Structure formats: structure tokens, C-alpha cells
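Residue strings, one per chain:
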Amino acid sequence: EDLAIGFTLSERIALAGDIADIAVETLDQGLQVDIRLTPQGRGRRARARMRGMEGRSSCGLCGVERLAQAVRPLSPLAEGASFSRAAIEAALDALDAEQALGRLTRAMHAAAFAKTSGALALVREDVGRHNALDKVIGAAARAGLDPAAGFILVTSRCSYEMVDKAAIAGFPL
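The rules we used
Residues numbered from 1 in each chain as written. Predicted model: local features only at pLDDT ≥ 70, side-chain atom pairs only at ≥ 80, totals over all residues. Heavy atoms only, no water. Helix = DSSP H or I, 4+ residues; strand = E, 2+ residues; numbered from the N terminus. Core = buried A, V, L, I, M, F, W, Y, C linked by side-chain atoms within 4.5 Å. Buried < 20%, exposed > 50% of the residue type's maximum accessible area, 1.4 Å probe, protein only. Contact = heavy atoms within 4.5 Å. Patch = residues over 30% accessible without salt bridge, like charges linked within 9 Å, V, L, I, M, F, W, Y side chains within 5 Å. Areas by Shrake-Rupley, 256 points an atom, 1.4 Å probe, with all protein chains shown as cover. Salt bridge = Lys/Arg side-chain N within 4 Å of Asp/Glu carboxyl O. Pairing = 2+ DSSP bridges. Polar contact = N/O pair within 3.5 Å; in protein donor to acceptor, adjacent residues only side chain to side chain. Axes fitted to C-alpha atoms, helices over the stretch in contact; angles between N-to-C directions. Parallel < 35°, antiparallel > 145°, perpendicular 65-115°, else oblique. Nonpolar A, V, L, I, M, F, W, Y, C, P; charged D, E, K, R; others polar.

A. Structural detail: the environment of Leu 122. With respect to the element layout, Leu 122 can be found in strand S4 (residues 120-126). Through-space distance from the C-alpha of Leu 122 to that of Ala 111 is 8.3 Å; in sequence the pair is 11 residues apart.

Following this line, the structure appears as C-alpha cells:
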């Protein structure tokens, strides 16, 4: 659910308030998640960039149908909280201890939402770094956390598509 909601928000498919229901079904091939949108949300969905594939653990641009859809205009974010270097370092230090699957496999990415103090509020892991980020975005939305009241951390490189997703979801850093 975290991944589905985060992807819905970071891809501008709909706003959090547009999600009416989520159904998760276990199939032989994996999980299928259906998100039912409100009528207003269905109108937004019609304007979202189209993808030619199901969700995977790959980059944030896979399946985009047109080059013009790759770079989306971003709205400026309201000025958020200030973050000290010590808070960022504390969050980075804490992240490794919260990566159970990463320690076990050494093949997982993690994303986290940290409070202004550097304390980790949420951590999610996935084989795909974009998926880990979408999971944190979705978990933060489900928990009603204010994106401007903290910052996002990711393991591995932070590509422009990941910055794009975080900015769209309202995270200032």
C-alpha cells in the first residue's frame, strides 16, 4: 500500500485526498494493488503522464511514452524547516541500523523520512531505490506526516527523477 500510494502521489496521478479505497490481492505472479479514486481524482488521472508497463524496481522514467514526459515542471515549495548538518549526520548514522533487509541481503536500497532533529520517523526498503522512495512517500501520506517538517534520505545515488518525486510530494530536502 505504501508503494502504491507513494507512486500515485509522486507521479501526480492523484492527490492523497483523491484515494477512495485500496485493495491488495495476492496472485501467483505477485501482488496486485488497485486504487479506487474519487471522481475528482479520476479527472486528475486523465492528465497524468502515461506509463507503458506495470510498476517495477527500475528507474523513475521506465515506461514513459514520450521524451517530453521525462522532465516535468515543478512548482516551487514553500519554505520549510531548517536542517542542521548534525541532524542530517544523525539521520544517516541511524539509517544503517534500520535496514534489516539490507543487512541480510546486501542488495536492498532504503529511503527514510527524518524529523528536523535527525530522528528517523519512517524507513522503507526495496530492491529498487525509486520504489523505496515511493514507499516512504506513501507511508508518510498514510501517517499524515507533514513533508515540510523533515527531510528524505536515500541510499545509493540521488538521481534527478528521485529529486523530482520528493519535490512533487512536498519534501523540501
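Let us keep going from here.
B. Representation of the nonpolar core within the structure. Of all hydrophobic cores here, the largest spans 19 residues; its most connected members are Phe 113, Leu 133, Ile 137, Ile 152 and Phe 171. Look past the residues within four positions of Ile 152 in its chain and what remains in contact with it is Ala 112, Phe 113, Leu 133, Val 136, Phe 171 and Leu 173. Counting 9 residues, the second-largest nonpolar core is a separate cluster that includes Leu 95, Ala 112, Val 123 and Leu 153.

C. Highlighting a nonpolar patch on the surface. Among the surface-exposed residues, Val 24, Leu 31 and Val 33 lie close enough to one another that they form a single nonpolar patch of about 260 Å² accessible area. Position of Leu 31 among the secondary structure elements: in strand S2 (residues 30-37). What makes Leu 31 exposed here is its relative accessible area of 63%.

D. Inspection of the pairing of S2 at higher detail. Note: strand S1 (residues 19-27) against S2, 8 bridges, orientation antiparallel. Within the sheet, the bridge partner assigned to Ala 23 lies in S2 and is Asp 34. Linking two consecutive strands that pair antiparallel, namely S1 and S2, is a turn of 2 residues.

E. Inspection of the side chain of Ser 159 at higher detail. Secondary-structure assignment places Ser 159 in the loop between strand S5 (150-154) and helix H6 (160-168). A polar side-chain atom of Ser 159 sits 3.4 Å from a polar atom in the side chain of Arg 129.

F. Representation of unusual backbone geometry. In this structure, Arg 12 takes a positive phi of about 60° despite not being glycine. Topologically, Arg 12 is positioned in the loop between helix H1 (2-10) and S1. Positioned with a positive phi, Ser 156 is a non-glycine residue whose angle comes to about 75°. Structurally, Ser 156 can be placed in the loop between S5 and H6. Taking relative accessible area as the criterion, Ser 156 reaches 47% and is therefore assigned partly exposed.

G. Structural view of the packing of H1 against helix H5 (residues 129-143). The N-to-C vectors of H1 and H5 enclose an angle of 95°; their axes lie 6 Å apart at closest approach. Comparing their axes, H5 and H1 come out roughly perpendicular. Residue-level contacts link Asp 2, Leu 3, Ile 5, Gly 6, Phe 7, Leu 9 and Ser 10 of H1 to Asn 131, Asp 134, Lys 135, Ile 137, Gly 138, Ala 139, Ala 141 and Arg 142 of H5. In terms of residue class, the contact of H1 with H5 is built from 7 nonpolar, 4 polar and 4 charged.

H. Just the environment of Pro 76, in detail. In this structure, Pro 76 sits in the loop between helix H2 (39-45) and helix H3 (85-95). C-alpha of Pro 76 to C-alpha of Pro 172: the two residues are 96 residues apart in sequence and 9.5 Å apart in space.

I. Local environment of the sheet that holds S4. Pairing is antiparallel across the open sheet formed by 3 strands, whose spatial order is S4-S3-S5. Bordering the open sheet on either side are S4 and S5, each of which pairs with just one other strand. In this sheet, adjacent strand axes meet at a mean angle of 15° when their direction is disregarded. Both strand S3 (residues 109-115) and S4 contribute to a ladder of 6 bridges, which runs antiparallel. Residue pairing across strands places His 109 opposite Asp 126, the latter belonging to S4.

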